[in-house]
Structure formats: structure tokens, C-alpha cells
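Structure at a glance
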Amino acid sequence: MYEPKVIGGKLLRIIVTDFGAKPDGVSFSTEAIQKAIDICFENGGGVVVIPAGIYLSRPIRLKSNVTLYLEEGAVIKATNNIEDYYQIGYYHNEWGEVTSFLYAMNEKDIAVEGKGTIDLSGSSFMDFSRAFNQFEELSQLDKEQFEETECKPICRPNQPIFFYNCENISLSGVSIIDSPCWTVCINSSKYIKVHNIRIMNNLRVPNSDGIHLCSCENVILTDSFFTCGDDCVAISGITNWDKPCENIIVSNCIMQTRSAAVRMGHLDSKVKNVVVSNLIILNSNRGIAIFANGKNGYVKSVTISNVIMTTKIFAGTWWGKGEPIVIVSPEDGNFIEDISISNVKAYSENGILIYGKDNNIRNISLKNIDIYLSFGKNRPLFGKRIDILPSQCSPFPDYMNKIPWIFAKDVFSLKLQDINYGYNLQSLKTDFDIEGIFQNVNNSFFSSIRKVAT
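To keep things clear, this report deals only with the structure shown in the data block. Just so we're clear, the structure is a prediction, and the values are computed from it rather than from any experiment.

Overview of the overall build of the protein chain
- The helix and strand inventory of the protein chain stands at three helices and 39 strands.
- Taking 22 Å as the expected radius of gyration for a compact globule of 454 residues, we find that the protein chain reaches 23 Å, a close match to that expectation.
- Considered along the principal axes of its C-alpha atoms, the protein chain spans approximately 75 × 45 × 35 Å.
- Sequence-distant contacts in the protein chain: of pairs separated by 6 or more residues, those separated by 24 or more amount to 76%.
- Within the structure as shown, the protein chain displays about 17200 Å² of accessible surface, and the carbon and sulfur contribution to it stands at 48%.
- Counting 43 positive and 49 negative side-chain charges, the protein chain places the centres of these two groups 2 Å from one another.

Below you can see the structure in the form of C-alpha cells.
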């Protein structure tokens, strides 16, 4: 029988290979890893160490007071057999019964740390030869454009790394790769710290969010890298519409996505007290997206600053059309208010979109914004609509000849200060209209808005 090393009554360190885990990438090490976690938990907590090597595993449940530590060169590889996944006992409002690879529910003081890698085997659940959705433009795409579309999922785990009702969660140092769906999903939890991690997914995999925070509070997410087929960081209330997602800091990250780098709000989500700063967003569909588009949702008290981004229109049915900043509340009963965005430099294939209803978007400040527009290859096929999905989209006015640097509709108290807009000199086409469009914008203040000579 294994005797864990105990000093002063507290379990300090336990190694999975002592339980028979084999780093050969072929043998399943599930029982050894789970047993190490269970014994660590039963003895008051400590560190479960994954040494260098590849450890194939079926789903693993994390427990209180246990740190799962991946040493440099260690890889935990998720099984690619969908039959190995089971329902963990949580019903998700969007995904139904949850299936996961690493998960914890109702636990405290959990950490996943180290210099190793969690490989979620997501590509095994995809058909890259097919597009996710059928759409009228599909037959008109060349090979390069088709490679931008969402691939077709087969049957996949829907919440690969999942936390519910947990307290004191730490994710640090590790790389998480090739997710089949939402990568790290944290729900109704508090005191969360994410630092210096890498999430690297295939850009064609739909719904492969990086970190999705649902109805969480007190979160610090810093110094991390994201490549995701969906939002890099999403902040919503999808799993509990009544509980706000609040008190969140996102800073010092580099991001690439086929959706939004940072998204706040969705349908009836309630989001408040968010600070976003110091981001580089590369070759992405959208930069910052703020949405309240259900019947009883809101986003309020948000500060965003110091962002450099390039955004473009991608072929397919991705949400978003190359906008650097999107603030949308197009339905009755929702509102967005007290949003401050400053020090942004954007090279984009679409302008800023602020789209409300009956002035339900209020107190919006954009300051020190440089935006340079270009006419991209995908615009004739995919730039025809004002994209406010999942709400019904409207045709874009004269979409072939207009790319306004801002389109603002139904906004109360819009402050624009120190704005420079013009053509991106890399664009092959510079005869489109880039002037702003304003509809039912009231009680506003505009100062130092300049068109930059081309």
C-alpha cells in the first residue's frame, strides 16, 4: 500500500508514477492520477506531481486542497474516444449535460500549475473537410477562404476543463492545447487567479473559447496567451442568469481569435465592474465585444485601456465582421451603461459599432482612439449586414461603398474625444466612405475628431 510523504501532519508531495502512471502516451494513467488526487485530498491536501512524459487519460476529478502540478515536459493527453466521457452531473443552459476531461464541483483551494501541457485532443472530434454550417456563399469560396470557415464537429466533450461552485482557483504556468469546445469553463465560483498560461486551439474549431467566466466574482487574469476559434475571454451569466459576473481584471495578454478577444455579456447575462488593459489582439474577427441582447440583461461599469489590435472579416458564419469595438443592446429590457474605452490603436476591416434601442446604451466614452480602415477580400460576400447576432441582423447601408469609422444608433450620452480615423495604407482600395454614421444619438459630446490624410 502506498504511503504518502507527510511532514508535520500535512501531505506535501505525491508523484503519479508511484501509482503506476506510465508516461508512454499509450497506456491509460487515469486510475493512477485519480488515486493520487484522492489520497492527497484524504490526507489534508498537497501537490500531485506529473513528471515529464505523455500520460493518456480518461476524465479526472479535481478535489479540494490539491494542486495538480505538471513538470516541464509533462503532457496529460485527453482520450480521443467520445465513449470515454460521461455526464458529470451538471446541466448547462447552453450545452445540456456536461461532459469534461478535468473538472471540479463544490471544491475549494484547487490549483493546476507548472510548466507542462494539457492536450485536450480536440482535433480528433472534428471534420476539417466540411464547414460547420451550410450558407449561401459557401459554393463561392476559394481554398483560402474555405480554410477560414468553421469546421464541422462530430461528437465532442462540451466543457473540457470545468469548475462549478468552487472557491480559490489558481491556474498558472501551464499550456492548454487543442480544445474541442469551451476550453476552461468557470461557473458560479469566486476568488479566481489565472496567470501566465497559454491556450492554443485550432482557429477553425467553433466554440473553442479560451476562458469562459459564468456568474463568477473576484477574478484576476493576467500575462497569458490565447489562440482560439471563439472568444479568448468571455464574461457572461449563461449558467446562472440571475447571478452577476463581477469584479474582474483582464490584463497583459496577447490574443488571436475568430470571434472576440474579450467578450462581455450575452442574452440575459449580468456583468459589472470589469477592468481590461494592456492587450495585443492579432488578426482577429473582433477586438472588444459588449452585448446585452436578451430580455433582462446588462453590462455596466467597464473600463478598457491600452489596446493594439488588427481585425478583419473572415469567411464563414462566425459572429462578428472585423469590428474593433462592438457595444450592442438591440432588444427591450436590456441596457449597457458606464463604459470607458481609451488608448486604442486599431487596424480594421470595419468600424466601431454601437447599436442600441430607445437609448438603452448610456454614458459611453471613447478617448484617444486611432482607427485605420481597409477593404478586405471577404467584404463583398460577408460584409452585407450589421452583425448583432444572436439578435436579428439588419442590412448594412450601401455596404460596398461605406465602411464608417463608427456606426452609432440609439445612444444616450456618447463622448468622443481625440479620435483619429483614416485609411489603412495597406488597403488595396481607398475609395470607400469612412465618415461616421450617427442615428438617434442624444446628449453627446464630440471633441478633436480628425480624419487623417492618406
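Things to note about the nonpolar core
- One finds Phe163, Phe226, Met255, Met264, Ile327 and Ile354 to be the most contacted residues of the largest nonpolar core, which totals 105 residues.
- The dominant element in this core, judged by the number of residues it contributes, is strand S37 (residues 406-423), at eight residues.
- Not counting chain neighbours up to four residues away, the residues in contact with Phe226 comprise Ile199, Gly210, Ile211, Leu221, Cys232, Val233, Cys253, Ile254, Met255 and Gln256.
- In this structure, Ala260, Val328, Leu353 and Cys393 belong to the second largest nonpolar core, which totals 14 residues.

Points about the environment of Asp38
- The topology assignment puts Asp38 in helix H1 (residues 30-42).
- In sequence terms Asp38 and Val16 are 22 residues apart; their C-alpha atoms lie 11 Å from each other.

Notes on the pattern of salt bridges
- For the coordinates displayed, the defined rule picks out 19 salt bridges.
- The partner of Lys272 in a salt bridge is Glu246, and the shortest N-O contact between them spans 3.6 Å. Note that Lys272 is positioned in strand S28 (residues 270-284) and Glu246 in strand S26 (residues 245-257), a separation of 26 residues in sequence.
- Residue class for Lys272 comes out partly exposed when judged on its relative accessible area of 21%.

Describing the side chain of Arg379
- With respect to the secondary-structure elements, Arg379 resides in helix H3 (residues 379-382).
- We note that Arg379 is buried and unpaired, the nearest opposite charge coming from Glu349 at a distance of 6.6 Å.
- One polar contact links the side chain of Arg379 to the main-chain carbonyl oxygen of Lys402, over a distance of 3.4 Å.

With respect to the environment of Ile281
- As for its placement among the helices and strands, Ile281 is situated in strand S28.
- Among all residues touching Ile281, those that are not within four sequence positions of it are Met255, Ala261, Arg286, Gly287, Val307, Ile308, Met309 and Thr310.

Details of the pairing of strand S31 (residues 325-328)
- Of the two faces of S31, both are covered, the one formed by Ile325 and Ile327 as well as the one formed by Val326 and Val328.
- Relative to S31, strand S29 (residues 286-291) runs parallel, the two sharing four bridges. Across the sheet, residue Ile288 finds its bridge partner in S31, namely Ile325.
- Across three bridges, S31 lies against strand S33 (residues 352-355) in parallel orientation. Paired with Val326 across the two strands is Leu353, which belongs to S33.

What about the environment of Pro23?
- Mapping Pro23 onto the fold places it in the loop between strand S2 (10-15) and strand S3 (24-28).
- Accessibility expressed as a relative area gives 41% for Pro23, which makes it partly exposed.
- C-alpha of Pro23 to C-alpha of Leu56: the two residues are 33 residues apart in sequence and 7.9 Å apart in space.
- Beyond its immediate sequence surroundings of up to four residues, Pro23 is in contact with Ala52, Gly53, Ile54 and Tyr55.

A word on the packing of aromatic side chains
- Scanning the entire structure with this criterion turns up 13 aromatic pairs.
- With a centroid separation of 6.4 Å and an interplanar angle of 20°, the aromatic rings of Tyr355 and Phe407 are classed as stacked. Placement of the pair is Tyr355 in strand S33 and Phe407 in strand S37, with a sequence separation of 52 residues.
- Counting every residue linked through ring pairs, the aromatic cluster contains Tyr90, Phe162 and Tyr164.
- Directly above the ring of Tyr298 sits Lys300, whose terminal nitrogen or CZ lies 5.0 Å from the centroid.
- When the ring centre of Phe314 is taken as origin, the NZ or CZ atom of Lys312, which lies over that ring, is 5.0 Å away.

Re unusual backbone geometry
- Cis geometry is adopted by the peptide bond preceding Pro390, which originates at Leu389 and carries an omega value of 10°.
- Relative to the elements of secondary structure, Pro390 occurs in the loop between strand S35 (385-386) and strand S36 (394-395).
- In this structure, Asn273 takes a positive phi of about 60° despite not being glycine.
- Tracing the backbone shows Asn273 in strand S28.
- According to the relative accessible area criterion, Asn273 is partly exposed, its value standing at 34%.
- Despite not being glycine, Asn440 shows a phi value in the positive range, around 50°.
- Following the sequence through the fold, Asn440 ends up in strand S38 (residues 437-442).

With respect to a nonpolar patch on the surface
- Taken together, Phe225, Ile254, Ile280, Leu282 and Ile308 make up a surface patch of nonpolar side chains, about 400 Å² in accessible area.
- If you trace the backbone, Ile308 turns up in strand S30 (residues 298-311).
- The exposure class assigned to Ile308 is partly exposed, which follows from its relative accessible area of 47%.

Focus on H1
- The end-to-end C-alpha separation of H1 is 18 Å, in line with the 18 Å expected for 13 residues at 1.5 Å each.
- Residues of H1 that are buried: Thr30, Ala32, Ile33, Gln34, Ala36, Ile37, Asp38, Ile39 and Cys40.

Observations concerning the side chain of Ser348
- The residue Ser348 is located in strand S32 (residues 335-348) in this model.
- Here Thr311 takes part through its side chain, which lies 2.9 Å from a polar atom of the side chain of Ser348.
- Ignoring any residue separated from it by four or fewer positions in sequence, one finds Ser348 in contact with Thr311, Gly322, Pro324, Tyr372, Leu373 and Ser374.

Parameters and conventions
- Residues numbered from 1 in each chain as written.
- Predicted model: local features only at pLDDT ≥ 70, side-chain atom pairs only at ≥ 80, totals over all residues.
- Heavy atoms only, no water.
- Helix = DSSP H or I, 4+ residues; strand = E, 2+ residues; numbered from the N terminus.
- Rg over C-alpha atoms; globule rule 2.2 N^0.38 Å.
- Contact = heavy atoms within 4.5 Å.
- Areas by Shrake-Rupley, 256 points an atom, 1.4 Å probe, with all protein chains shown as cover.
- Lys, Arg positive; Asp, Glu negative; His and termini not counted.
- Charge placed at Lys NZ, Arg CZ, Asp CG, Glu CD.
- Core = buried A, V, L, I, M, F, W, Y, C linked by side-chain atoms within 4.5 Å.
- Buried < 20%, exposed > 50% of the residue type's maximum accessible area, 1.4 Å probe, protein only.
- Salt bridge = Lys/Arg side-chain N within 4 Å of Asp/Glu carboxyl O.
- Polar contact = N/O pair within 3.5 Å; in protein donor to acceptor, adjacent residues only side chain to side chain.
- Pairing = 2+ DSSP bridges.
- Phe/Tyr/Trp six-rings, centres within 6.5 Å; stacked < 30°, edge-to-face > 60°.
- Lys NZ or Arg CZ within 6 Å of the ring centre and 35° of its normal.
- Patch = residues over 30% accessible without salt bridge, like charges linked within 9 Å, V, L, I, M, F, W, Y side chains within 5 Å.
- Expected span 1.5 Å × (residues − 1).

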